[in-house]
Amino acid sequence: WSSDVCSSDLRESTATLPNAVSLSRLGMAAAFPILDDPEARLLLIAAAGATDFLDGYLARTRGESTRLGALIDPIADRCFVLVAVLVLWVEDTATPAELLALSIRDLVVMVAFFATRGVAMFRDFGFTARPAGKVATVLQLAVLSMAYLCPPAFAPGVVAVAAVSLVALADYGIVFWRERRTA
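The residue numbers shown here count from 1 along each chain, following its written sequence. Reporting in this predicted model follows two pLDDT cut-offs: at least 70 for local features of residues, and 80 or more for side-chain atom pairs to be given and counted; totals over whole chains, interfaces and linings ignore these cut-offs and use all residues. To get the side-chain values, take all heavy atoms of the structure and skip hydrogens and water.

Q: Could you clarify how one ought to interpret the packing of aromatic side chains in this entry?
A: The relative placement of two aromatic rings is captured by the distance of their centres and the angle of their planes. Pairing of aromatic rings covers Phe, Tyr and Trp, the last counted by its six-membered ring, and requires centre-to-centre distances within 6.5 Å; plane angles under 30 degrees mean stacked, over 60 mean edge-to-face, and any other angle means tilted. Evaluation of the coordinates by the stated rule reveals 3 aromatic pairs. Their ring planes at 65 degrees and their centres at 6.5 Å tell us that Phe32 and Tyr148 sit as a pair that is edge-to-face. Taken together, the residues span a long stretch of sequence, with Phe32 in the loop between helix H2 (17-31) and helix H3 (38-62) and Tyr148 in helix H6 (residues 131-149) at a distance of 116 residues. For the pair shown, Phe32 and Tyr148 are each scored as buried. With centroids separated by 6.0 Å and ring planes inclined at 15 degrees, the aromatic side chains of Phe53 and Tyr57 adopt a geometry described as stacked. Placement of both Phe53 and Tyr57 in helix H3 is noted, with a separation of 4 residues, approximately one turn of the helix. Aromatic ring contacts, followed pair by pair, group Phe32, Phe80 and Tyr148 into a single cluster. In this description a helix means any DSSP run of H or I spanning at least four residues, a strand means any run of E spanning at least two, and both kinds are numbered starting from the N terminus. Throughout, exposure labels follow a simple rule: accessible area from a 1.4 Å probe, protein chains only, divided by the maximum for the residue type, with under 20% read as buried, over 50% as exposed, and the rest as partly exposed.

This is how it looks when you write it as structure tokens:
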């Protein structure tokens, strides 16, 4: 944001329905470990997926895309997925290897985000949604659902998530290096 944006403009531009929808996933992440009922957890997974679609749709159709919203959305996604995966691990539904495979992209993207913010020449790099990343997120949510709906499909799903995650990481890496060269 430029320094000429006054604080009231900043408040108006960030207090949007799409941002509220994105932030709702943080509440869902907090509720996930508290709920013991598999059906309730499945509903949270479905709601997380629905709000991930809905926030972007609302931002585009209402003209309420904000820089903060572009930051909140992926953070809320990562928080929800990481909490859900950790719950599966704590409850012995997922092995440590499955935990890593389901969350490696999220962890790498978060580390990359903070690393780029710490290096002045990389601060302008925009972490925007990419198709491969969206596919990986949808697949993560589907595989989390499989842990409750069809446990035998969980392990093969984890392998699929790992493969798509590697593609998404390579895609982000290519975009980063291209933008870095043109900057």
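Next comes the rest of the account.
Q: Sorry if this is basic, but what is going on with helix H4 (residues 67-90) here?
A: For the α-helix, the turn length of 3.6 residues means that residues three or four positions removed from each other point alike. Multiplying 1.5 Å by the helix residue count minus one yields the expected span of that helix. In this model, H4 (24 residues) spans 35 Å end to end at C-alpha, consistent with the 34 Å of a helix rising 1.5 Å per residue. Backbone geometry just after H4 places Asp92 at a positive phi near 60 degrees.

Q: Sorry if this is basic, but what is going on with the nonpolar core here?
A: Nonpolar side chains in soluble globular proteins tend to be buried together. What is meant by a nonpolar core is a set of buried Ala, Val, Leu, Ile, Met, Phe, Trp, Tyr and Cys residues, joined one to another through side-chain atoms within 4.5 Å. Formed by 25 residues in total, the largest nonpolar core has its most connected members in Phe32, Phe80 and Phe154. Counting residues per element, the ones that place at least two in this core are H2, H3, H4, helix H5 (96-118), H6 and helix H7 (151-182). Ranked by the residues each element gives to this core, the list is headed by H4, at 6 residues. Once you skip the residues sitting within four places of it in the chain, Phe32 turns out to touch Arg41, Leu44, Ile45, Phe80, Val83, Ala84, Val87 and Tyr148. We call two residues contacting when some pair of their heavy atoms lies within 4.5 Å.

Q: Would you mind showing me how to read the pattern of salt bridges here?
A: Side chains that differ in charge, positive against negative, can pair when their charged atoms come close. Put simply, a salt bridge is a Lys or Arg side-chain nitrogen that is within 4 Å of an Asp or Glu carboxyl oxygen. Per the counting criterion, the structure on display carries 11 salt bridges. Arg25 is the salt-bridge partner of Asp52, the closest N and O atoms lying 3.8 Å from each other. Of the two residues, Asp52 is situated in helix H3 and Arg25 in helix H2; the sequence distance between them amounts to 27 residues. Judged on exposure class, the residue Asp52 and its partner Arg25 are both buried. Where Asp171 meets Arg130, a salt bridge forms, and the shortest distance between an N and an O atom there is 2.8 Å. On the criterion of sequence distance, the pair formed by Asp171 in helix H7 and Arg130 in the loop between H5 and H6 is long-range, its members being 41 residues apart. One network of salt bridges, with partners in common, ties together Arg25, Asp52, Asp55, Asp73, Asp77 and Lys134.

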